[in-house]
Amino acid sequence: MKKHNLLSHLIIFVFLFSGNATAAQGDVDTNYGVGGIVHTPSGANVIAASATSNNGIIVAGIGHHPSDFRITQLLSDGTEDATFGSSGHVEINLPSVLGISNFNLTDMARTNNQETIITGYNLGSIGGDGVLAKLDANGNLDSTFANGVGALTLRNFAPFTGQGNIIPYALAVDANNHILVATRCLYGTLVARFTPSGTLDNSFANNGVLAVSYPLGGQFSHMPVSLEIDPLGTITYGYWVLTGSSTALTTKVVTQLDPNGSLVTNFSNSGHIILPAANGEELVSVKRDVNNRTLLLTKNCVLSRYTTNGVLDTSFGNNGAANVVMPNGSSSLCLGLTLRPTSAPIVTGSIQQNNNHQLLVARFDNSGQPVANFANGGVAIVGQPPFAGTVNAYGAAFSVLQSNGHIQVATTERPYLNNFAVTAIEDTALNVSPRPARIGRRTSVALNTWTYSIPFTVSDLTSGAKVMATIEQGEYSINNEPYTTSPGFVQNGDLITVRHRSASCFNCSKRSTLELGGYYDAKNGGQRLGGSRTYSFSSLTKGLIVSPL
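Parameters and conventions
Residues numbered from 1 in each chain as written. Predicted model: local features only at pLDDT ≥ 70, side-chain atom pairs only at ≥ 80, totals over all residues. Heavy atoms only, no water. Salt bridge = Lys/Arg side-chain N within 4 Å of Asp/Glu carboxyl O. Buried < 20%, exposed > 50% of the residue type's maximum accessible area, 1.4 Å probe, protein only. Helix = DSSP H or I, 4+ residues; strand = E, 2+ residues; numbered from the N terminus. Pairing = 2+ DSSP bridges. Axes fitted to C-alpha atoms, helices over the stretch in contact; angles between N-to-C directions. 1 Å grid on protein atoms, 1.4 Å probe; cavity = no way out; pocket = protein on both sides within 12 Å on 5 of 7 lines; lining within 4 Å. Points joined across faces, edges and corners; volume = space filled by probe spheres on them. Nonpolar A, V, L, I, M, F, W, Y, C, P; charged D, E, K, R; others polar. Phe/Tyr/Trp six-rings, centres within 6.5 Å; stacked < 30°, edge-to-face > 60°. Lys NZ or Arg CZ within 6 Å of the ring centre and 35° of its normal. Core = buried A, V, L, I, M, F, W, Y, C linked by side-chain atoms within 4.5 Å. Contact = heavy atoms within 4.5 Å.

1. So, the pattern of salt bridges
Side chains that differ in sign of charge can pair as their charged atoms come close.
Next, step 1: A complete count under the given rule lists 15 salt bridges for this structure.
Next, step 2: Two residues, aspartate 289 and arginine 293, come together in a salt bridge whose shortest N-O distance is 2.8 Å.
Next, step 3: For arginine 293, a relative accessible area of 15% corresponds to the buried category.
Next, step 4: Among the ionic pairs, aspartate 427 bridges to arginine 363, the shortest N-O distance being 2.5 Å. Note that aspartate 427 is positioned in the loop between β29 (419-425) and β30 (441-445) and arginine 363 in strand β24 (residues 356-363), a separation of 64 residues in sequence. Here aspartate 427 and arginine 363 have matching classes, each one buried.

And the structure:
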């Protein structure tokens with residue numbers, strides 16, 4: 001008996017402290033947390049996860065009490081972030097804040113100021129009522145939101161007053177930190193946009209609220225799934241409809257809206273992708289890549305990709321679809337979808353083998369083919385160790401990227417009591433900061449005239465990656481295309497030129513700052529993740545010449 005215990009402890013010691021000197025793609029990063037995992041204090045199901053600006057992860061789920069929500073924030077190595085809440089953890093009871101009977105968390109998003117937005121609902125005598133809350137960067141209810149309360153209920157706003165069940169399921173935050181929330185209601189959905197202070201944004205749709213329902217008509221139950229907002233404010237909204245026909249139990253719908261809430265009519269079928277789905281093929285996530293293509297993930301771990309115009313991209317996977325290949329005798333469910341800056345998808349979920357549920361992480365390349373040298377033919381299966389028990393059986397595993405390419409994954413672990421568990425998976429390194437370049441300083445230029453930088457070529461990025469481009473006090477051009485002030489994306493080989501109008505006074509300077517790098521987070525405030533580089537271009541107008549008397 002003693003020999004058996006000694007051997008067990010020796011095996012655990014070797015696993016925890018042997019490091020990852022020979023780690024390969026798809027292996028657990030054993031330097032993360034303790035032996036490759038972080039176990040949080042007992043709580044309940046993980047609902048969502050987002051990246052933080054410092055390569056960490058923030059995880060939201062249900063707390064110790066069913067009406068509490070719990071948020072945990074970790075640094076890049078899995079250490080609890082001491083600047084957030086109490087040693088990296090926050091647990092809040094919204095019923096006591098809002099005077100409601102219960103609260104059920106459904107989604108989380110982040111602003112680019114590192115504030116946290118959560119949504120969910122209260123079930124009362126007149127049905128469901130949506131809830132929004134905002135936490136500041138330290139994890140406290142934000143005193144600038146909802147008249148100092150930090151949280152609000154949707155029925156307090158006129159567009160929601162006459163609705164039946166109002167149950168939010170999807171959140172996103174735009175680059176101006178406006179909050180977009182999608183809710184279920186009777187036979188349809190409502191998409192609302194709130195200002196950072198918690199008032200309806202009346203510039204969006206009809207006094208801040210847009211009704212979105214099955215484009216082909218009829219009275220069906222709807223389920224919001226996903227919201228994404230690109231750098232120009234275009235909204236991609238995914239939901240499914242319980243159409244319940246003999247050929248399709250549900251119908252997947254992806255709707256594209258402009259920043260004001262109007263349909264983008266040149267997208268697919270008058271603004272909508274409409275796809276019948278059999279049982280098990282319910283839509284669970286929608287993403288837009290840096291080439292403006294739309295990727296759909298279904299619960300049975302199948303990916304499909306659509307072109308910029310919403311047409312099936314038959315060059316992706318097998319005629320437009322890519323399946324997670326499972327070992328014989330296993331079954332899987334997936335809820336998580338993340339894209340690398342190269343547009344290569346990462347799918348996360350759970351796999352059942354011999355009545356044991358384990359974490360599943362699948363990697364595809366940009367063409368929808370499994371990455372052969374990632375784990376076992378593109379699929380990593382992670383069980384015990386490092387997990388202390390089985391993982392969530394319903395596919396609730398959510399991933400975020402680190403700038404070194406590693407994949408952080410949060411799920412629910414079930415050893416004895418439910419708790420959050422976060423692990424990190426090795427993957428190929430990412431470089432999203434281009435090579436430095438001197439782009440010039442012009443002197444003795446004429447007043448109020450266009451002045452141009454030295455052109456330079458983007459280089460040193462990860463092959464195939466597209467990274468963000470933004471500018472202050474000027475305009476930029478990519479490959480001699482028209483100059484713009486709008487955010488965009490650049491890649492290796494792009495030729496960049498900056499320009500601005502010189503000052504209107506003699507011997508005065510003007511400076512433009514171009515920032516290139518980082519991957520865009522379309523759900524969480526347009527965060528620039530992974531690092532960037534700035535390029536400065538300045539001009540100085542000529543001095544005033546005074547003639548002698």
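2. As for the sheet that holds strand β17 (residues 272-277)
Next, step 1: Taken together, the 4 strands give an open sheet; going across it, the order is β14-β15-β16-β17, and neighbouring strands pair in antiparallel fashion. In the strand order of this sheet, the two ends are held by β14 (222-229) and β17, each with one partner. When strand polarity is set aside, the average angle formed by the axes of neighbouring strands in this sheet is 15°.
Next, step 2: Bridge analysis of β14 against strand β15 (residues 235-241) gives 7 bridges, and the strand direction is antiparallel. For glutamate 228, the partnering residue across the bridge sits in β15 and is threonine 236.

3. Concerning the pairing of strand β10 (residues 167-173)
Next, step 1: In terms of burial, β10 is a largely internal element, 6 of the 7 residues being buried.
Next, step 2: Inspection of the sheet shows β10 paired to strand β11 (residues 179-185) by 6 bridges, in the antiparallel sense. Paired with alanine 172 across the two strands is leucine 180, which belongs to β11.
Next, step 3: Counting the residues that bridge the hairpin from β10 to β11 gives 5 residues, and of these asparagine 177 lies at a positive phi of roughly 65°.

4. Some remarks on the layout of surface pockets
To find the voids left in a structure, one rolls a probe of water-molecule size over its atoms.
Next, step 1: Roughly 400 Å³ of volume is contained in the second largest pocket.
Next, step 2: Of all elements in the fold, only β33 (467-472) and β39 (527-529) reach the threshold of two or more residues within the lining of the second largest pocket.
Next, step 3: The residue makeup of the lining of the second largest pocket, split by class, is 10 nonpolar, 8 polar and 5 charged.

5. So, the packing of aromatic side chains
Next, step 1: For the structure on display, the rule yields 8 aromatic pairs.
Next, step 2: On the basis of an interplanar angle of 25° and a centroid distance of 4.8 Å, the ring pair of phenylalanine 456 and tyrosine 535 is categorised as stacked. Here phenylalanine 456, found in strand β32 (residues 456-457), pairs with tyrosine 535, found in strand β40 (residues 533-541); they are 79 residues apart in sequence, far enough to count as distant.
Next, step 3: Where phenylalanine 489 meets tyrosine 520, the ring centres are 6.4 Å apart and the plane angle is 90°; that geometry is what we call edge-to-face. Separated by 31 residues along the polypeptide, phenylalanine 489 in strand β35 (residues 488-490) and tyrosine 520 in strand β38 (residues 519-521) bring together distant segments of the chain.
Next, step 4: Overall, phenylalanine 489 belongs to the partly exposed group, its relative accessible area being 21%.
Next, step 5: Look at tyrosine 520 and you get buried, because its relative accessible area is 16%.
Next, step 6: The ring of tryptophan 450 is capped by arginine 499, whose NZ or CZ atom sits 3.8 Å from the centre of that ring.
Next, step 7: Taking NZ or CZ as reference, arginine 499 lies 4.3 Å from the ring centre of tyrosine 483, over its face.

6. Topic: the nonpolar core
Next, step 1: Core analysis: the largest hydrophobic core is formed by 52 residues, its most contacted members being Ile57, Val361 and Leu514.
Next, step 2: Ranked by residues supplied to this core, first place goes to β29 with 5 residues.
Next, step 3: Residues contacting isoleucine 57, with those up to four places away along its chain left out, are Tyr32, Ala49, Ser50, Thr52, Thr72, Gln73, Leu74, Val400, Gln408, Ala410 and Val422.
Next, step 4: In terms of nonpolar packing, the next biggest core, distinct from the first, is built from 20 residues, Leu154, Ile166, Ile179 and Val209 among them.

Purely geometric numbers; function is a separate question.
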